[in-house]
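Below, each chain spelled out in residue letters.
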Amino acid sequence: MLSNEEAKRLCLGLIKADTVDEVISLLKEAGFWDGPKYWRYYGDRENNFSTIGNQQSRPEAALVEKLVNSVDARLMSECLVGGFDPEGEGVPTTIQDAVARYFENDSKAGSIRAGKIKNWPNQKRTEVARGITLAATGARPQEGNPCFTISDVGEGQTPERMPETLLSIDKKNKLRIPFVQGKFNMGGTGALQFCGKYNLQLIVSRRNHNILSAHGESHDDDQLWGFTVVRREDPDAGRRSSVYRYLAPIGCDSKPGEGGVLRFSADELPFFPERNDPYKRTSEWGTLIKLYEFSATGHRGHILRKDGMLSRLDILLADVALPIRLHECRLGYRGHTGSFETTMTGVGVRLEDDRAENIEGYYSFALSVSGQHMTGTIYTFKKGKADAYRKNEGIIFTVNGQTHGHLTADFFRRLKVGMSYLADSILVVVNCNQMSGRAREDLFMNSRDRLRHGDLRTEIEKALEDILKNHEGLRELRERRRQEEIKSKLEESKPLVDILESIISSSPTLASLFLGGTRISNPHKPRVVGTGKKFEGKAHPTFFRFKGEKYGAVLNRKCHINMRCRIAFETDVVNDYFDRDENPGRFELEYETNGASKGTVMSRSLNLKDGIANLSVELPAGVNEGDEIKFESTVTDDTLVEPLKNVFVVRVKEPGQPKTGGGKRRKPPKDEEGEDRDLPSGLNMPNIEEVKEPDWEKHAPPFDKYTALKIMHAGEVPENGEDDNNTSTVKQIYDFFINLDNIYLRTELKAKYIEPEILRARYIYGLILLGLAMIHGEVTLEQEQGEDDEDSNVNIEDLVYDVSKSISPILLPMIESLGGLDLEEIPSLVESGESD
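Computed from a predicted structure; not experimentally measured. (Residues numbered from 1 in each chain as written. Predicted model: local features only at pLDDT ≥ 70, side-chain atom pairs only at ≥ 80, totals over all residues. Heavy atoms only, no water.)

### Let's talk about the overall build of the protein
Alright, step 1. Along the backbone of the protein there are 19 helices and 31 strands.
Alright, step 2. Put simply, the protein has 836 residues, and 53% of those count as buried.
Alright, step 3. Expressed as a percentage of contacts within the protein between residues at least 6 apart in sequence, the contacts between residues at least 24 apart total 72%.
Alright, step 4. For the protein, the accessible surface area stands at approximately 37,800 Å², while carbon and sulfur atoms represent 47% of it. (Helix = DSSP H or I, 4+ residues; strand = E, 2+ residues; numbered from the N terminus. Buried < 20%, exposed > 50% of the residue type's maximum accessible area, 1.4 Å probe, protein only. Contact = heavy atoms within 4.5 Å. Areas by Shrake-Rupley, 256 points an atom, 1.4 Å probe, with all protein chains shown as cover.)

The following block contains the structure:
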């Protein structure tokens, strides 16, 4: 077996190795690579691939689990050094409490601001971050995959305990510890499958000697450094799946395949990076994990730049409990000192820090679904600023600051949301800390990187659709953005709209589909938005009452049994009242039915914007037509002497028809004779904008020579007016963007076989009719399938974009060829086909 110096030299060589080949060479030279007896099953389970291979689907999500383990290790270390049992009494009850106690010296104990790094000065963030680092070494993008080394000054592990901790699976190591994030004991093994050809990973660890002093030693080797390499072995003749093993040669002669990890004595090791030197700072204890040739696909570039790993970690650790220091240490990158290291604090902290510079607006909301309470914040970015904070994420769901799943930005483009103009400018953060453990298990996969399909997710999505669609602040911003884009084009596009309406009206089929026999004008004429006095809210409300009513008034409403009831309140409190750190407001809603049964409303949402709080309530389960439900809302916080209460009474009506028109028939008024009449299809005459090559890049996604038609949902307008319950039909508004420099149109124009004006007109109106038909089909399909059908969330904007691109090569030739077809040619064409 290796001497102390030989083991130390091997460990240092493995730390500094940056390729799989180097690692294999070092292990072969030591005589370990080809010796089966030296390798022990990870988790002491031969079928460990069933667990290890069934985790995170993306490399950055797997990497996050390693960082979370390092945060846990630092908190555990502080607890153990203090002489406490992490599972016993007297320990922090939450991660936030632990950060306050161990890194703020309990100076803010009891304060809602305690334990949140967004309240720390930059100097303190940097100082603490040096205790957890991530360094990139090895290959640059053009050369291959980089290596990532994660180091921490956490509790560390003794060589004898490593098989039971760092190298274990499915044990209860952290299950009953309240102030850490990890609980499934998968050891961050999801990262292994992204580590090069053999999935190689190095683990080096030494127990914090202060913990050994406080709790005592149990083995002669407890003061030593332990290290091992994990590898993946392919299926063999007698095994149908891969298996993971780790190097454990100590004592393997007597127990082959059941030995201990290598170990050696040293006062300290070069553990931490300094600027772009990956192994400059030394440490007396802690844990180092190196991931060789990590497949950071799409994020292999400089980790601190806009498209690097930092941006991905920021969104996945949205409100990380402790800051982490990132270092770019690969050779060949140039820059000043600050170009190679920075502190990662999570996108939540960055949004707070950058609010004035990049954020256009932010709004908080409270949400309850099936009795599960959540809070959230809607951030709207100034144009072009969102990409610095998110990629394709639209709504992220966090637990203890870690993102557990997300919905893409396409969510904002759903017909039920209608925020296409803001899809590239919104980020919604939903805090799920208050959810029960079971509800979290129902919503999130154990891998903590994606949402689980099920009833709870469906209900949450419906509630979020409702919040976003009806949010006054978002509606105003959407209209302002839309006006900015089309204001100068409105007058120019008027002839297009007139001609299009004439074409549609001339065909009975087209008229019945798109116009319902009436002319529809554009409801969004340019207007000045936001010219009134700016709202300045108070820290705490002096009133909270029904909009337009005196405090104490009882509001009476009617609501269809299958719809939500909406109530508007007015107040003088700031927008983030219900979701801020210090003295947040609390909103509760209770009800009683027919003066008897009582309960707390299980599903409701409340969003607050500039003095208006909009409440959306799902009627309680079990109510019937004719029931009378009395609701009592309560608003309070720790400073209010008396809570602010409001009462409203709802009479339950028969099921109502969906708001969206189209595909349905309604009976004529009672006193009017005649057949049933078709409702309008739910489509308003589109606004049309011609796009040419110089403006391609102004669109998202950008146009190119193959793009033909892009549509954007721009809201909706009532068809027949609305009652208090918003039960009228509505028309959907879409804007159409036509690419007049499409390569196939330009090719046809060069042929000069017909007037260019006619070709362009055929191209424009052909695409518009195609788009209208596809939208009409989607609206009709949604009504036929109902709101609960998963297929109703198909993104019609993407569908039109893709289909129009595919049809553009044949559109003009098809129109020309079929338009020239005469009666004499038809028999010969029919006869040329095959008979039955």
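That covers the picture; the talk isn't over yet.
### A look at the packing of helix 4 (residues 59-81) against helix 5 (residues 95-103)
Alright, step 1. The geometry of helix 4 relative to helix 5 is characterised by a closest axis approach of 10 Å and an angle of 55 degrees between their N-to-C directions. One element, helix 4, and the other, helix 5, form an angle in the oblique class. Judged by the twist between their axes, the crossing of helix 4 over helix 5 is left-handed. Along its contact with helix 4, which presents Arg-74, Leu-75, Glu-78 and Cys-79, the element helix 5 presents Ile-95, Ala-98, Val-99, Tyr-102 and Phe-103.
Alright, step 2. Here the residues of the contact of helix 4 with helix 5 are counted per class, giving seven nonpolar, no polar and two charged. (Axes fitted to C-alpha atoms, helices over the stretch in contact; angles between N-to-C directions. Parallel < 35°, antiparallel > 145°, perpendicular 65-115°, else oblique. Left-handed = near helix turned anticlockwise from the far one by under 90°. Nonpolar A, V, L, I, M, F, W, Y, C, P; charged D, E, K, R; others polar.)

### Considering the pairing of strand 3 (residues 146-152)
Alright, step 1. Judged by how many residues are buried, strand 3 sits mostly within the fold: seven of seven residues are covered.
Alright, step 2. Here strand 3 shows two buried faces, one formed by Pro-146, Phe-148, Ile-150 and Asp-152 and the other by Cys-147, Thr-149 and Ser-151.
Alright, step 3. In this structure, strand 2 (residues 132-138) lies alongside strand 3, joined through seven bridges in antiparallel fashion. Residue pairing in the sheet places Leu-134 in a bridge with Ile-150 of strand 3.
Alright, step 4. For strand 3 and strand 10 (residues 286-291), the ladder comprises five bridges, and the chain directions are antiparallel. Bridging from a neighbouring strand, Ile-150 pairs with Ile-289 of strand 10. (Pairing = 2+ DSSP bridges.)

### Side note on the pattern of salt bridges
Alright, step 1. For the structure shown, the criterion picks out 41 salt bridges.
Alright, step 2. A salt bridge links Lys-37 to Asp-253, with the shortest nitrogen-to-oxygen separation between them at 2.7 Å. On the criterion of sequence distance, the pair formed by Lys-37 in the loop between helix 2 (20-29) and strand 1 (39-41) and Asp-253 in the loop between strand 6 (243-247) and strand 7 (262-264) is long-range, its members being 216 residues apart.
Alright, step 3. One salt bridge in this structure joins Arg-58 and Glu-60, with 3.3 Å as the shortest N-O distance.
Alright, step 4. Classification of Glu-60 as buried rests on a relative accessible area of 6%.
Alright, step 5. Counted as one network, the salt bridges with shared partners bring together Arg-58, Glu-60, Arg-312 and Glu-393. (Salt bridge = Lys/Arg side-chain N within 4 Å of Asp/Glu carboxyl O.)

### Looking at the sheet that holds strand 13 (residues 359-369)
Alright, step 1. Taken in spatial order, the nine strands line up as 16-15-17-14-13-23-24-20-18 in an open sheet, and their pairing is mixed. The open sheet has two free edges, formed respectively by strand 16 (402-408) and strand 18 (544-546), since each of these has just one partner strand. Averaged over all pairs of adjacent strands, the angle between their axes in this sheet comes to 25 degrees, without regard to strand direction.
Alright, step 2. Note that strand 15 (residues 393-399) and strand 17 (residues 426-431) share four bridges and pair parallel. In the sheet register, Phe-397 faces strand 17, and the bridge partner there is Val-430.

### Looking at helix 5
Alright, step 1. Among all positions in helix 5, only Ile-95, Ala-98, Val-99, Ala-100, Tyr-102 and Phe-103 are buried.
Alright, step 2. Turning to helix 5, the residues buried within the fold contact helix 4 and helix 6 (122-129).
Alright, step 3. Backbone geometry just after helix 5 places Asn-105 at a positive phi near 55 degrees.

### Quick word on the packing of aromatic side chains
Alright, step 1. Taken as a whole and judged by the stated rule, the model has 22 aromatic pairs.
Alright, step 2. Taken together, a centroid distance of 5.4 Å and an interplanar angle of 55 degrees make the contact between Trp-225 and Phe-271 tilted. Linking Trp-225 in strand 5 (residues 225-233) with Phe-271 in strand 8 (residues 269-274), this pair joins segments that are 46 residues apart in sequence.
Alright, step 3. Using a relative accessible area of 1% as the deciding quantity, one classes Phe-271 as buried.
Alright, step 4. Ring plane angle 45 degrees and centroid distance 6.3 Å describe the contact between Tyr-591 and Phe-631, whose orientation is recorded as tilted. Residue Tyr-591 is found in strand 21 (residues 586-593), and its partner Phe-631 is found in strand 25 (residues 628-636); the two are separated by 40 residues along the sequence. (Phe/Tyr/Trp six-rings, centres within 6.5 Å; stacked < 30°, edge-to-face > 60°.)

### A word on the packing of helix 4 against helix 8 (residues 309-316)
Alright, step 1. Where helix 4 contacts helix 8, the two axes come as close as 10 Å, and the packing angle between them is 70 degrees. In terms of axis orientation, helix 4 runs roughly perpendicular to helix 8. Every pair of crossing elements has a handedness; the one defined by helix 4 and helix 8 is right-handed. Two secondary-structure elements touch here, helix 4 through Glu-60, Ala-61, Leu-63, Val-64 and Leu-67 and helix 8 through Met-309, Arg-312, Leu-313 and Leu-316.
Alright, step 2. In the contact of helix 4 with helix 8, the residues fall into seven nonpolar, no polar and two charged.

### Remarks on a nonpolar patch on the surface
Alright, step 1. A cluster of nonpolar side chains, namely Ile-810, Met-814 and Leu-818, defines an oily patch on the protein surface of about 290 Å² accessible area.
Alright, step 2. Residue Met-814 is classed as partly exposed on the basis of its relative accessible area, which comes to 36%. (Patch = residues over 30% accessible without salt bridge, like charges linked within 9 Å, V, L, I, M, F, W, Y side chains within 5 Å.)

### Focus: helix 2
Alright, step 1. All of the buried residues in helix 2 are Val-20, Val-23, Ile-24 and Leu-27. One side of helix 2 carries all its buried residues, which in axial view fall inside an arc of 95 degrees. Seen from the open side of helix 2, the exposed residues pointing more than 90 degrees away from its buried face are Asp-21 and Glu-29.
Alright, step 2. Where helix 2 is buried, its residues meet helix 1 (4-16), strand 1, strand 5 and strand 6.
Alright, step 3. Directly after helix 2, the chain includes Gly-31, whose backbone phi takes a positive value near 85 degrees. (Arc of directions from axis to C-beta.)

### Focus: the side chain of Asp-627
Alright, step 1. The topology assignment puts Asp-627 in the loop between strand 24 (612-618) and strand 25.
Alright, step 2. Although Asp-627 lies buried, it forms no salt bridge, and the closest oppositely charged side chain, Arg-651, sits 7.0 Å away as judged by the N-O distance.
Alright, step 3. A distance of 2.8 Å separates a polar atom in the side chain of Asp-627 from the backbone nitrogen of Asn-624.
Alright, step 4. Apart from the residues within four sequence positions on either side, Asp-627 is in contact with Thr-593, Asn-594, Val-650, Arg-651 and Val-652. (Lys, Arg positive; Asp, Glu negative; His and termini not counted. Polar contact = N/O pair within 3.5 Å; in protein donor to acceptor, adjacent residues only side chain to side chain.)

### Side note on the pairing of strand 14 (residues 372-381)
Alright, step 1. Strand 14 sits mainly inside the fold: nine of its ten residues count as buried.
Alright, step 2. As defined by bridge partners, strand 13 adjoins strand 14 across ten bridges and the pair is classed as antiparallel. Residue pairing for strand 14: Phe-365 is matched across the bridge by Gly-376.
Alright, step 3. Bridge count for strand 14 against strand 17 is six bridges, and the pairing is antiparallel. Of the residues in strand 17, the one forming a bridge with Thr-377 is Val-429.

### What about empty space enclosed by the protein?
Alright, step 1. Within this structure, the stated rule accounts for four cavities of 30 Å³ or more.
Alright, step 2. Reported here for the largest cavity is a volume of approximately 100 Å³.
Alright, step 3. Taken together, Val-68, Val-71, Asp-72, Leu-75, Ile-95, Gln-181, Leu-317, Val-320, Ala-321, Asn-400, Gly-401 and Gln-402 form the lining of the largest cavity.
Alright, step 4. Per-element accounting of the lining of the largest cavity gives the leading share, four residues, to helix 4.
Alright, step 5. Class assignment for the residues of the lining of the largest cavity results in seven nonpolar, four polar and one charged.
Alright, step 6. In this structure, the second largest cavity encloses a volume near 40 Å³.
Alright, step 7. If you go around the second largest cavity, the residues you meet are Arg-58, Ala-61, Val-64, Glu-65, Leu-316, Gln-402, Thr-403, Arg-448 and Asp-449.
Alright, step 8. At the level of secondary structure, the elements contributing two or more residues to the lining of the second largest cavity comprise helix 4 and strand 16. (1 Å grid on protein atoms, 1.4 Å probe; cavity = no way out; pocket = protein on both sides within 12 Å on 5 of 7 lines; lining within 4 Å. Points joined across faces, edges and corners; volume = space filled by probe spheres on them.)

### Some thoughts on unusual backbone geometry
Alright, step 1. You will see that Glu-293, though not glycine, has its phi angle at about 50 degrees, which is positive.
Alright, step 2. Along the chain, Glu-293 falls in the loop between strand 10 and helix 8.
Alright, step 3. Classification of Glu-293 as partly exposed rests on a relative accessible area of 24%.
Alright, step 4. For Ser-370, which is not glycine, the phi torsion reads 50 degrees and is therefore positive.
Alright, step 5. For Ser-370, the position within the fold is in the loop between strand 13 and strand 14.
Alright, step 6. Given a relative accessible area of 39%, Ser-370 falls into the partly exposed group.

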